[in-house]
Amino acid sequence: VQLVESGGGVVQPGGSLRLSCAASGFIFSSYIMRWYRQAPGKGRELVAGITGDGGITNFADSVKGRFTISRDNAKNTVFLQMNSLKPEDTAVYYCNAIGETIATMTKNYWGQGTQVTVSS
């Protein structure tokens, strides 16, 4: 099983970034996909989630209206589009997969993280 994040970097306040997470080794469409982030000295925070069929999404209050989450089940990839970025969005962003079915509900996978830095 692998989750490989990409797309992080340094961006100015007000800018945008699009994170991608490429999955392999499991049935992607049977997993809820989530993005978490962890800023220095803080705990890991759930940012956004999307169900296996992409029909339901949810977001942390701090990113509502600025971030969107989407997935391409044909390409086993989940995306996080981040707009109007703020310095407080600076963190390591992690991709997470959690099983959605009875057969997979105990499965929980993590990527290695990608750094997002918002700074002028």
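Remember, predicted model here, so these are calculated numbers, not experimental data.

## A short note on the nonpolar core
Core analysis: the largest hydrophobic core is formed by 29 residues, its most contacted members being Met 33, Trp 35, Val 78, Leu 80, Met 82 and Tyr 93. Breaking this core down by element, the ones donating at least two residues are β3 (17-24), β4 (31-38), β5 (44-50), β7 (67-72), β8 (77-82), β9 (91-99) and β11 (114-118). Apart from residues lying up to four places away in sequence, Val 78 is in contact with Leu 19, Ser 20, Cys 21, Phe 28, Met 33, Trp 35, Ile 50, Ile 69, Ser 70, Arg 71 and Cys 95.

## Observations regarding the pattern of salt bridges
Inspection of every chain in the model, using the stated rule, returns four salt bridges. We note a salt bridge from Asp 89 to Arg 37, for which the minimum N-O separation is 2.9 Å. Placement of Asp 89 in the loop between β8 and β9 and of Arg 37 in strand β4 is noted, with a sequence separation of 52 residues between them. Judged by its relative accessible area of 0%, Asp 89 falls in the buried class. Overall, the relative accessible area of 6% leaves Arg 37 in the buried class. In this structure, Asp 89 and Arg 66 form a salt bridge, with 2.7 Å as the shortest nitrogen-oxygen distance. Taken as a pair, Asp 89 in the loop between β8 and β9 and Arg 66 in the loop between β6 (57-59) and β7 lie far apart in primary sequence, 23 residues in all.

## Quick look at the sheet that holds strand β1 (residues 2-6)
Across the sheet, which stays open at both edges, the four strands sit in the order β1-β3-β8-β7 with antiparallel pairing between neighbours. In this open sheet, the two strands that pair with only one neighbour each are β1 and β7. Along the sheet, successive strands turn relative to each other by an average axial angle of 15°, direction set aside.

## Digging into the pairing of β5
Where β4 and β5 come together, six bridges link them in antiparallel fashion. Following the sheet pairing, Tyr 36 is matched in β5 by Leu 46. Hairpin connection, β4 to β5: the antiparallel pair is bridged by five residues, and Gly 41 has positive phi, about 80°. Looking at chain direction, β5 and β6 are connected through three bridges and run antiparallel. Bridged to Ile 50 within β6 is Thr 57. Adjacent in sequence and paired antiparallel, β5 and β6 are bridged by six residues, among which Gly 54 carries a positive phi angle near 75°.

Basis of the calculations
Residues numbered from 1 in each chain as written. Predicted model: local features only at pLDDT ≥ 70, side-chain atom pairs only at ≥ 80, totals over all residues. Heavy atoms only, no water. Core = buried A, V, L, I, M, F, W, Y, C linked by side-chain atoms within 4.5 Å. Buried < 20%, exposed > 50% of the residue type's maximum accessible area, 1.4 Å probe, protein only. Helix = DSSP H or I, 4+ residues; strand = E, 2+ residues; numbered from the N terminus. Contact = heavy atoms within 4.5 Å. Salt bridge = Lys/Arg side-chain N within 4 Å of Asp/Glu carboxyl O. Pairing = 2+ DSSP bridges. Axes fitted to C-alpha atoms, helices over the stretch in contact; angles between N-to-C directions.

This is a description of form; function is not addressed.
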